[in-house]
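One letter stands for each residue in the lines below.
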Amino acid sequence: MWYNTGMKTIIEQIDNTQMNMEIIEKAGDILKEGGLVAFPTETVYGLGADALNEQAAKKIYAAKGRPSDNPLIVHIADMSALDRITEEMPKEAEKVAEAFWPGPLTMILKKSREVPAGTTGGLETVAVRMPDHVIAQEVIRAGGGYIAAPSANTSGRPSPTEARHVAADLNGKIDMILDGGAVEIGVESTILDMTVTPPMILRPGAVTKGMLEALIGEVAVDNTLTDPDSKKPPKAPGMKYRHYAPRAELVVVDGMMDAVVDEINRLVKEKTDAGCKVGVIGTQETVDRYRTGDIKCIGTRTDETTIACRLYGILREFDSDGVEFIYSEAFASDGIGSAVMNRLLKAAGHRVIYTSR
Ligand code: AMP
Ligand code: MG
């Protein structure tokens, strides 16, 4: 074979305004031969493999160290690709696809026999998404049209929002990384289960409950997502794992803004006095009010998409800085803030301090 399998990872820069089709073809050939290619999407970087080739999908689990009961999302680039992998497409699902594809939304649908059990973790359903990113779309087409692409990180680590994050986790374990620059959204897609009535959100993302309800009426939310003490497993198998986590112990501090700033300053002082290296996640609105520690500004509360975009990058920076504790402000629980809080709370292992004054 003309490309290396495994040991040496090819890294190619690719510009989405002037796409080099030779590179896309090379990526497509690797995928068609059962190899692994990481590529940018609008949400996070994905680790691609041919979703209809069980052996290829298995390689994803090995490279990421991903538990094998955590099914993969099949990425498509064209609506016509749906027929082959789904058993039926409910009317509502068609409406959702029309409104939000290509985009940061994954739908759970009944799978056809063509989708191997190795891709769906043995489930009778398949998760499908059409990403809104030209590089992703071209790679999917070049690779045969059906590409399983979980986040391109080591399982449990923060998802990659830049190609260097992918390289940090997977260099030497995958065939190719396409570097298309920083992603736009920064948190993974919304997952919507269309096999139940009413449809249910299994993972919050940039397509919010409000946006979906405006289109199709009532939408439920898997409440094991918001209740860390729930005895029931979440409906998306992957949501049960401690996820998105930095190496440091992360604690979220919630409450009125002034009280939160005071409490974080107090906690940082306590830990710094004890000789620990401490990180702080503040916002443009508060960052000047923190006194000591490794203080990082995550974005502005006036536009929470800025916060989503920086979240995983900041968690990785704290790892490189070698901090042992991180204190973060909490974020709004509606809109994209609910996706940010979902990931932040999981990264924190649900350690939250509520302050009141
Ligand atoms: P990732 O690819 O890393 O963004 O994770 C994919 C997420 O989709 C995980 O939380 C999976 O458990 C979930 N998922 C994939 N397929 C299904 C399915 N058929 N039913 C429910 N959840 C799924
Ligand atoms: Mg992931």
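Relevant structure appears above.
I will try to describe carefully the structure that is included in this document. All residue numbers refer to position in the chain's written sequence, counted from 1. By the order in which they are written, chains take letters starting at A while ligands take numbers starting at 1. For this predicted model, a pLDDT threshold of at least 70 governs which residues receive local features, and a threshold of 80 or more governs which side-chain atom pairs are given and counted, while totals over whole chains, interfaces and linings are taken from all residues. Where side-chain values are given, they derive from all heavy atoms of the structure, hydrogens and water being excluded.

Structural notes on the pairing of strand β15 (residues 325-329)
Of all the five residues making up β15, five are buried; the element is thus mostly covered by neighbouring parts of the structure. Residues Phe-325, Tyr-327 and Glu-329 line one face of β15 and the alternating positions Ile-326 and Ser-328 line the opposite face, and both faces are buried. Sheet topology note: the strand β12 (residues 249-254)/β15 ladder contains five bridges and is parallel. Paired with Glu-249 across the bridge in β15 is Phe-325. When DSSP finds two or more bridges between two strands, those strands count as paired. What counts as a helix is a DSSP run of H or I of at least four residues, what counts as a strand is a run of E of at least two, and both are numbered from the N terminus. Sheet topology places strand β13 (residues 278-282) next to β15; four bridges connect them, and they run parallel. Its bridge partner lying in β15, Val-278 is registered against Phe-325. The cut-offs for exposure are 20% and 50% of the maximum accessible area for each residue type, with area from a 1.4 Å probe on protein chains only; residues under the lower value are buried, those over the upper are exposed, and the others partly exposed.

Some details on the site of ligand 1
By convention in these notes, a residue is near a molecule or strand provided one of its non-hydrogen atoms lies within 4 Å of it. Around ligand 1, the surrounding shell holds 19 residues, and the nearest of these are Asn-70, Thr-125, Pro-150, Arg-203 and Gly-238. Contacts described as polar in this section are N or O atom pairs within 3.5 Å, which, within protein, must combine one atom able to donate a hydrogen with one able to accept it, while residues neighboring in sequence count only if both atoms come from side chains. Contact between ligand 1 and Asn-70: an oxygen atom at 3.0 Å from a side-chain N or O atom of the residue. At 3.4 Å from an oxygen atom of ligand 1 is found a side-chain nitrogen or oxygen belonging to Ser-151. Accessibility throughout is a Shrake-Rupley quantity obtained with a 1.4 Å probe, and a residue counts as covered only by protein chains that appear here. Its free accessible area being 500 Å², ligand 1 has 94% of it covered by the protein chains. The definitions used throughout rest on a 1 Å grid laid over the protein atoms alone, on which a cavity is an enclosed set of points accommodating a 1.4 Å probe that cannot get out and a pocket is an open set flanked by protein within 12 Å on both sides along at least five of seven lines; lining residues are those having an atom within 4 Å of a point. In this description, a molecule resides in a pocket or cavity if more than half of its atoms sit within 2 Å of the grid points defining it. Assessed atom by atom at 2 Å from the grid points, ligand 1 resides in the largest pocket. Among the secondary structure elements, those contributing two or more residues to the shell around ligand 1 are β6 (125-129) and β10 (200-203). The nonpolar class holds Ala, Val, Leu, Ile, Met, Phe, Trp, Tyr, Cys and Pro. Asp, Glu, Lys and Arg form the charged class, and all remaining residues, Gly among them, are polar. Here the shell around ligand 1 is composed, by residue class, of twelve nonpolar, four polar and three charged.

Concerning the pairing of β10
As judged from the three bridges shared by strand β9 (residues 190-193) and β10, these two strands associate in the antiparallel manner. When the bridges of β10 are listed, Ile-191 appears paired with Arg-203. Sheet analysis places β10 next to strand β11 (residues 220-221), joined by two bridges and oriented parallel. When the sheet's bridge partners are listed, Ile-201 is paired in β11 with Val-221. Convention used here: a crossover is right-handed provided that the path from the first strand, over the helix, to the second strand proceeds clockwise when the strands point away from the viewer. Handedness of the crossover joining β10 and β11 through helix α8 (residues 209-216): right-handed.

A word on the sheet that holds β12
What links the strands of a sheet is backbone hydrogen bonding, and the strands pair in either a parallel or an antiparallel sense. Taken in spatial order, the five strands make up an open sheet running β14-β13-β15-β12-β16, and their pairing is parallel. Strands at the two margins of the open sheet, each flanked by one partner only, are β14 (294-297) and β16 (352-354). Across the sheet, the mean angle from the axis of one strand to that of its neighbour is 20°, orientation sign disregarded. As paired elements, β12 and β16 share three bridges and run parallel to each other. Considered in β16, the bridge of Val-253 is made with Ile-353. Contact between two residues is taken to exist if any of their heavy atoms lie within 4.5 Å; hydrogens are not considered. Angular values range over 0 to 180 degrees, each being the angle between N-to-C directions of two axes fitted as lines to C-alpha atoms, with helices fitted over their stretch in contact. Sitting on the sheet, helix α9 (residues 257-273) is in contact with β12, β13, β15 and β16, with an inclination near 175° to β15.

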